[in-house]
Amino acid sequence: GDSVTQMEGPVTLSEEAFLTINCTYTATGYPSLFWYVQYPGEGLQLLLKATKADDKGSNKGFEATYRKETTSFHLEKGSVQVSDSAVYFCALGNTNAGKSTFGDGTTLTVKP
Amino acid sequence: GAVVSQHPSRVICKSGTSVKIECRSLDFQATTMFWYRQFPKQSLMLMATSNEGSKATYEQGVEKDKFLINHASLTLSTLTVTSAHPEDSSFYICSASAGGANVLTFGAGSRLTVL
C-alpha cells in the first residue's frame, strides 16, 4: 500500500538558517503530494502541493519538488523564522476519494 | 478559500459520559469527510471516512460502537465518543476535500479530556 516516510525530528535551527525536511513515498500510480503544517494547538493547514512529476510547489518561502525518479518531495526554505516553528507533515493523495496518507510529522523549532 | 469549522475546540467530560464533536464545511459541500485522532507528538491516525447519507467506513482497529459517526447533510459530520474513558483523551481532527487533486481542508481540532 501507499506509505510516506519523513525525516525524524525534532529539528532545531537558528533564525535565518536553511531548512530541509526529507520526505520519500511509496505509491502505485501517480499520486499528488502535499506538505501540511500544524501550529501548536491547531489543526493542519495546507502549505504547498504538487500534482505531477517535476512540479514545484511553493508558499511562504517554502518549496518542494515532486521527484518521481527518487520518489521524494523534500521541503526546503532558505531562511527560517521563529514563526515557522511547527510540525510539518508530508502526505500523498492517491484516490479521488480524498483519502491521504501522512508521514509521522517533523517538529521544527526555530530559535532567535 | 474552503473552510472547515470544528466544534467544540476543547471539551472536558467525566468518565462514562458521551461527547459529540461537530465538523462543518462552511462554504462548500462535502460528500466525504475524514476523522483523525492525534496523540501528543504523534502523527494523525485516520479513524474513519464519513460518507453523506450512508454508513461511515472505519479503519481497522477502530471501534464503530465507541466512535459513532453521522453525516446527515452535505455540510455536517459528527463524531460521538460514547461512554468516554480517560484513554479516549486525545486531539480529534476532521477534514474534507473541497477541490481537486485530493487537497484536504482541516478543522482546527477538538481536544477531549476525559476525567
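No experiment lies behind these values; they were computed from the predicted model shown.

(A) Structural view of the overall build of chain B. A count of helices and strands for chain B gives 0 helices and 11 strands. Secondary structure elements in chain B, listed N-terminal to C-terminal, are β-β-β-β-β-β-β-β-β-β-β. Here chain B has a C-alpha radius of gyration of 13 Å; the compact-globule value for 115 residues is 13 Å, and the two agree. Along the first, second and third principal axes, the C-alpha set of chain B runs to 40 × 30 × 25 Å. Within chain B, buried positions represent 50% of all 115 residues. Considering only contacts within chain B whose residues lie at least 6 apart along the sequence, 52% involve residues at least 24 apart. About 5,600 Å² of surface is accessible on chain B, with carbon and sulfur atoms providing 51% of the total. Computed over 10 positive and 8 negative side-chain charges, the separation of the two mean positions in chain B equals 7 Å.

(B) A look at unusual backbone geometry. For the peptide bond that leads from A:Gly9 to A:Pro10, omega is -5°, which places it in the cis range. By the element assignment, A:Pro10 lies in the loop between strand E1 (3-6) and strand E2 (11-14). Going from B:His7 to B:Pro8, the amide bond is cis rather than trans, its omega being 0°. Assignment of secondary structure puts B:Pro8 in the loop between strand E1 (4-7) and strand E2 (10-13). Although it is not a glycine, A:Asp54 sits at a positive phi angle of roughly 75°. By secondary structure assignment, the location of A:Asp54 is in the loop between strand E6 (44-50) and strand E7 (56-59). Looking at A:Asp54, the relative accessible area reads 54%, which means it is exposed. Even without a glycine there, the phi angle at B:Ser83 is positive, about 45°. Within the fold, B:Ser83 resides in the loop between strand E8 (76-81) and strand E9 (90-97). On the accessibility criterion, B:Ser83 (33% relative accessible area) is partly exposed.

(C) Fine view of the interface of chain A and chain B. Counting from both sides, the interface comprises 23 residues of chain A and, opposite them, 19 residues of chain B. One can count 0 salt bridges joining chain A with chain B. Summed over the shared surface of chain A and chain B, the result is 4 residue pairs in polar contact (both at pLDDT 80 or more). Listing elements by their share of the side of chain A that touches chain B, those giving two or more residues are strand E5 (32-38), E6, strand E10 (86-93) and strand E11 (100-102) of chain A. In terms of residues, the side of chain A that touches chain B owes the most to one element, E5(A), which gives 4 residues.

(D) The sheet that holds strand E9 (residues 75-77) of chain A, seen in detail. All names here are of chain A. Strand order in the open sheet made by the 4 strands is E3-E9-E8-E7, with antiparallel pairing throughout. At either end of the open sheet lies a strand with only one pairing partner, and these are strand E3 (19-21) and E7. Each strand of the sheet is rotated relative to its neighbour by a mean of 15°, with strand direction disregarded.

Rules of the game
Residues numbered from 1 in each chain as written. Chains lettered and ligands numbered in written order. Predicted model: local features only at pLDDT ≥ 70, side-chain atom pairs only at ≥ 80, totals over all residues. Heavy atoms only, no water. Helix = DSSP H or I, 4+ residues; strand = E, 2+ residues; numbered from the N terminus. Rg over C-alpha atoms; globule rule 2.2 N^0.38 Å. Buried < 20%, exposed > 50% of the residue type's maximum accessible area, 1.4 Å probe, protein only. Contact = heavy atoms within 4.5 Å. Areas by Shrake-Rupley, 256 points an atom, 1.4 Å probe, with all protein chains shown as cover. Lys, Arg positive; Asp, Glu negative; His and termini not counted. Charge placed at Lys NZ, Arg CZ, Asp CG, Glu CD. Salt bridge = Lys/Arg side-chain N within 4 Å of Asp/Glu carboxyl O. Polar contact = N/O pair within 3.5 Å; in protein donor to acceptor, adjacent residues only side chain to side chain. Pairing = 2+ DSSP bridges. Axes fitted to C-alpha atoms, helices over the stretch in contact; angles between N-to-C directions.

Taken by themselves, the reported measurements are silent on function.
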